[in-house]
Amino acid sequence: MPSEPDDGNEPHRRLGEDPPPDAPDMAAPGPPLSSPEPVPAPRRRPRQSRLALVVMVGILAALALGGGTAAFVLLGGEEQEQQEEPAFTPVGTDLTEGLGPFDPAEAEGYHPFTLEQDAWLPAPQGQHWSLQEVGDTSATFHKDAGDDTVILICGDIRDDPGRYPAGFGDHEAWFAAEEARDREHQSADDEYTAVAAPEYGDYVIDGRQAFLVEVQYHWTQWDDPESGPTAVDYTRAHAYLYIDRGKAAPARCSVTAHHGTGDGYDEAVDALLGIRLETAG
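First, a word on what this report is: a plain description of the structure on this page. (Residues numbered from 1 in each chain as written. Predicted model: local features only at pLDDT ≥ 70, side-chain atom pairs only at ≥ 80, totals over all residues. Heavy atoms only, no water.)

Okay, the packing of aromatic side chains next. One pass over the full model with this rule turns up 12 aromatic pairs. Relative to Trp174, the ring of Phe168 has its centre 4.9 Å away and its plane inclined at 55°; by these criteria the two rings are tilted. Judged by its relative accessible area of 0%, Trp174 falls in the buried class. An aromatic cluster of three or more residues is present, and its members are Tyr164, Phe168, Trp174, Phe211 and Tyr242. (Phe/Tyr/Trp six-rings, centres within 6.5 Å; stacked < 30°, edge-to-face > 60°. Buried < 20%, exposed > 50% of the residue type's maximum accessible area, 1.4 Å probe, protein only.)

We now examine the pattern of salt bridges. For the structure on display, the rule yields 14 salt bridges. Between Asp118 and Arg245 there is a salt bridge whose closest N-O contact spans 2.8 Å. With a gap of 127 residues between them, Asp118 in the loop between β4 (110-112) and β5 (119-122) and Arg245 in strand β12 (residues 228-245) connect regions that are remote in the sequence. Each member of the pair, Asp118 as well as Arg245, is classed as buried. With a closest N to O distance of 3.7 Å, Asp156 and Arg245 form a salt bridge. (Salt bridge = Lys/Arg side-chain N within 4 Å of Asp/Glu carboxyl O. Helix = DSSP H or I, 4+ residues; strand = E, 2+ residues; numbered from the N terminus.)

Another point: the pairing of strand β8 (residues 148-156). Burial analysis of β8 places nine of its nine residues in the buried class, which makes it a mostly covered element. Residues Asp148, Val150, Leu152, Cys154 and Asp156 of β8 are buried on one face, and the alternating residues Thr149, Ile151, Ile153 and Gly155, pointing to the opposite face, are buried as well. Hairpin connection between strand β7 (residues 139-145) and β8: a loop of two residues separates the two successive antiparallel strands, and Gly146 in this loop has a positive phi of roughly 65°. Where β8 meets strand β13 (residues 248-257), seven bridges bridge the pair, whose relative direction is antiparallel. Bridge pairing in β13 places Val150 opposite Ala257. (Pairing = 2+ DSSP bridges.)

And the structure:
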């Protein structure tokens, strides 16, 4: 299980060098964190050097949630319960300001990734990216070039009701749900620690609220299925993007860079920030 950055009392946690292709998903949870106030965020983060060798592992795009808030109105002298969408104004950097409505028929290179096929992910820019054919209700890209191994997956969370919060106001609660999901795929002998607290960025995409979470983990041990606990030394980077879609299940995207924040990580995050929605409001 993960721990705070090493204070001398807690063990470090990590992955194994050159684990087999069927190694379990190892996205790493981090410490409880307070939710920051929504603030505009830059489109890009500075890249950090890549560390050590690891292997590509699969990540499952998942989960479902829907809902609205109950409102009462007086109609004909009787109270009736009605469902309404949460009342909030999207905040953060508007990634689609001035772009006009999105028309997928005129947007080459975009791929739908929700059940309603109303959210579209652009193919990552750069070399060595390949699209995995998994159907129209999710989009998966993979890059494997030397030490640059990255997986980008987008879908929605309708298949896992109750895991994520109903609202978009609590960043910490969303990340805690992500950590809990990742722990289900960890081994008790995996050892890693968060390099730093997660970073959050608020965005607006075609009139809808979205927020990005970025975090890195330093691994010191991986439970190899064949050789058992194996000492390692590498950093893995993760990014998660969540997009409100009103009454439809929120969209969720994840990036896992198995060798740190290299070119592939930057290209994948850029693709996330280029997502478009067909309808707004």
